[in-house]
Amino acid sequence: MIKETILIVDDEKEIRDLISIYLENEGFKVIKAGNGIEALKILETEEIDLIVLDIMMPEMDGIKVCLKIREDKNMPIIMLSAKGEDMDKILGLTTGADDYLTKPFNPLELIARIKSQIRRYTKLNNTQIIETEEVIEVDDLIINKASHEVKIGNKIINLTKREFEILELLASNKGMVFSAEKIYESVWKDKFYESENTVMVHIRKIREKIEENTRKPKYIKTVWGVGYKIEK
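Values in this document were obtained by computation on a predicted structure and should not be read as measured data.

**Remarks on the pattern of salt bridges**
Applying the stated rule across the entire model yields 19 salt bridges. Here K115 makes a salt bridge to E26, at a shortest N to O gap of 2.8 Å. With K115 in helix 5 (residues 107–130) and E26 in the loop between helix 1 (13–25) and strand 2 (29–33), this pair connects stretches of sequence that are 89 residues apart. What makes E26 partly exposed here is its relative accessible area of 31%.

**As for the sheet that holds strand 1 (residues 5–9)**
Within a sheet, neighbouring strands are paired by backbone hydrogen bonds and run either parallel or antiparallel to one another. Taking strand neighbours across the sheet as the criterion, the 5 strands line up as 2-1-3-4-5 in an open arrangement whose pairing is parallel. In the strand order of this sheet, the two ends are held by strand 2 and strand 5 (99–102), each with one partner. The sheet shows a mean angle of 20° between the axes of neighbouring strands, taken without regard to direction. One ladder, built from 4 bridges, connects strand 1 with strand 3 (residues 50–54); its direction is parallel. Paired with V9 across the bridge in strand 3 is L53. The sheet contacts of helix 1 involve strand 1, strand 2, strand 3 and strand 4 (77–81), and relative to strand 2 the element is tilted by about 170°.

**Concerning the packing of aromatic side chains**
In the structure shown here, the tally under the stated rule is 1 aromatic pair. Ring geometry for Y184 versus W188: centroids 4.7 Å apart, planes at 10°, classification stacked. Both residues of the pair, Y184 and W188, count as buried.

**A look at the sheet that holds strand 9 (residues 155–157)**
As summarised here, the arrangement of the 4 strands in space is 6-7-8-9, forming an open sheet in which the pairing is antiparallel. Single-partner strands in this sheet number two, and they are strand 6 (135–138) and strand 9. Strand-to-strand twist of the sheet, defined as the mean angle between neighbouring strand axes without regard to direction, takes the value 25°. Both strand 6 and strand 7 (residues 141–144) contribute to a ladder of 4 bridges, which runs antiparallel. Bridging from a neighbouring strand, I136 pairs with I143 of strand 7. Along the sheet, helix 6 (residues 161–172) makes contact with strand 6, strand 7 and strand 8 (149–152), crossing strand 7 at roughly 110°.

**Some details on unusual backbone geometry**
With omega at -5°, the peptide bond leading from K103 into P104 counts as cis. One non-glycine residue, D139, lies in the positive phi region at around 55°. Relative to the helices and strands, D139 resides in the loop between strand 6 and strand 7. Judged by its relative accessible area of 59%, D139 falls in the exposed class. Unlike most non-glycine residues, H148 shows phi in positive territory, near 60°. Within the secondary structure, H148 is located in the loop between strand 7 and strand 8.

**Notes on helix 7 (residues 180–187)**
For helix 7, the set of buried residues is A180, I183, Y184 and V187. Seen end-on, helix 7 carries its buried residues on one side only, within an arc spanning 95°. Positive phi appears at K189, one or two residues downstream of helix 7, with a value of about 55°.

**A short note on the side chain of R207**
Tracing the backbone through its elements, the reader meets R207 in helix 8 (residues 196–210). Despite being buried, R207 has no salt bridge partner; E211 is the closest side chain of opposite charge, sitting 5.0 Å away. Polar contacts involving the side chain of R207 include one to the main-chain carbonyl oxygen of I220, which spans 2.8 Å. Once residues lying within four places of it in the same chain are set aside, the contact partners of R207 are T214, P217, I220, K221, T222 and Y228.

**Observations regarding the environment of E137**
Position of E137 relative to the elements: it lies in strand 6. Taking the C-alpha atoms as reference points, E137 and I152, separated by 15 residues in sequence, lie 9.7 Å from one another.

**Things to note about the nonpolar core**
Most often, soluble globular proteins have nonpolar side chains that are buried together. Ranked by size, the top nonpolar core spans 29 residues in total, and within it L141, L167, L170, I183, I210 and I220 carry the most contacts. Listing elements by their share of this core, those giving two or more residues are strand 6, strand 7, strand 8, helix 6, helix 7, helix 8 and strand 11 (227–230). Looking at this core element by element, the count peaks at 6 residues for helix 6. Dropping the residues within four chain positions of it, I183 is found in contact with I166, L169, L170, F178, W188, V199 and Y228. Within the second largest apolar cluster, 23 residues are counted, among which are L7, V9, M79 and A97.

What counts, and where the lines are drawn
Each chain carries its own residue numbering, running from 1 in the direction its sequence is written. Thresholds applied to this predicted model are a pLDDT of at least 70 for local features of residues and 80 or more for the giving and counting of side-chain atom pairs; totals over whole chains, interfaces and linings are not thresholded and use all residues. For side-chain calculations, the full set of non-hydrogen atoms in the structure is used, while hydrogens and water are omitted. In what follows, salt bridge is the name for a side-chain nitrogen of Lys or Arg lying within 4 Å of a carboxyl oxygen of Asp or Glu. Numbering of helices and strands runs from the N terminus; a helix is a DSSP stretch of H or I covering at least four residues, while a strand is a stretch of E covering at least two. Burial classification: accessible surface area is computed with a 1.4 Å probe over protein chains only, and a residue below 20% of its type maximum counts as buried, one above 50% as exposed, and the rest as partly exposed. At least two bridges found by DSSP between two strands are what make those strands a pair. Under this scheme, a helix contributes an axis fitted over its contacting stretch, all axes are lines through C-alpha atoms, and angles between N-to-C directions fall in the 0 to 180 degree range. Residue contacts follow a heavy-atom distance rule, with two residues in contact if any of their heavy atoms lie within 4.5 Å. By convention, a stacked pair of Phe, Tyr or Trp rings (six-membered ring in the case of Trp) has centres within 6.5 Å and planes under 30 degrees apart, an edge-to-face pair has planes over 60 apart, and any other such pair is tilted. What the arc describes is the spread of directions from the helix axis to the C-beta atoms. We score Asp and Glu as negative and Lys and Arg as positive, and we do not count His or the chain ends. For the purposes of these results, a polar contact is taken to be a pair of N or O atoms within 3.5 Å, where, inside protein, one atom must be able to donate a hydrogen and its partner to accept one; residues adjacent in sequence count only when each atom of the pair is a side-chain atom. We call a set of buried Ala, Val, Leu, Ile, Met, Phe, Trp, Tyr and Cys residues a nonpolar core when their side-chain atoms join them within 4.5 Å.

Okay, structure coming up:
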């Protein structure tokens, strides 16, 4: 029985073929693209369940590809990069990626992460199907949990998957203060470690999209030394 379909996007043929071998051995269907433009064309015609996306590619790098994908698609994205700097990782995650792996990597670790992301995504989707459509309103900010749609008045706000999950978490618990650690562990489903900057960057990105004045935020309030909240 064929499992989910994985799209591998990397300009190195050897990397594409290596990942493909491991995935096919696990029963996954694999589609390969040598660059970002080719990947976007594939997404127009194929149903893809997860994308393995290299950052460093000619013509259109993985960051731009990820941003383009997140305009209207919500499947898990795992980014690959030869760089290991923290800022490179943060940049990848804030553009909408769900996970990040530095080259050279152990193919078995990548497979494990792919399976983990698919399990989490499947569980999230099943939960959404069971739930009745629920709308959260904070003044003129409207959050539709079922359709993952955010509006301010009649204007649609385009958020990445992570940004939506953070906003939904805060809006679903009005008045409750969430530390960066609690937000990270609730949204990323992982241990916090040194991830405060990642949460801060995501909060800043959300504010840039929903606040008229990011210095005096109307929706997401900072409780200094504690965390963030949306007031009742």
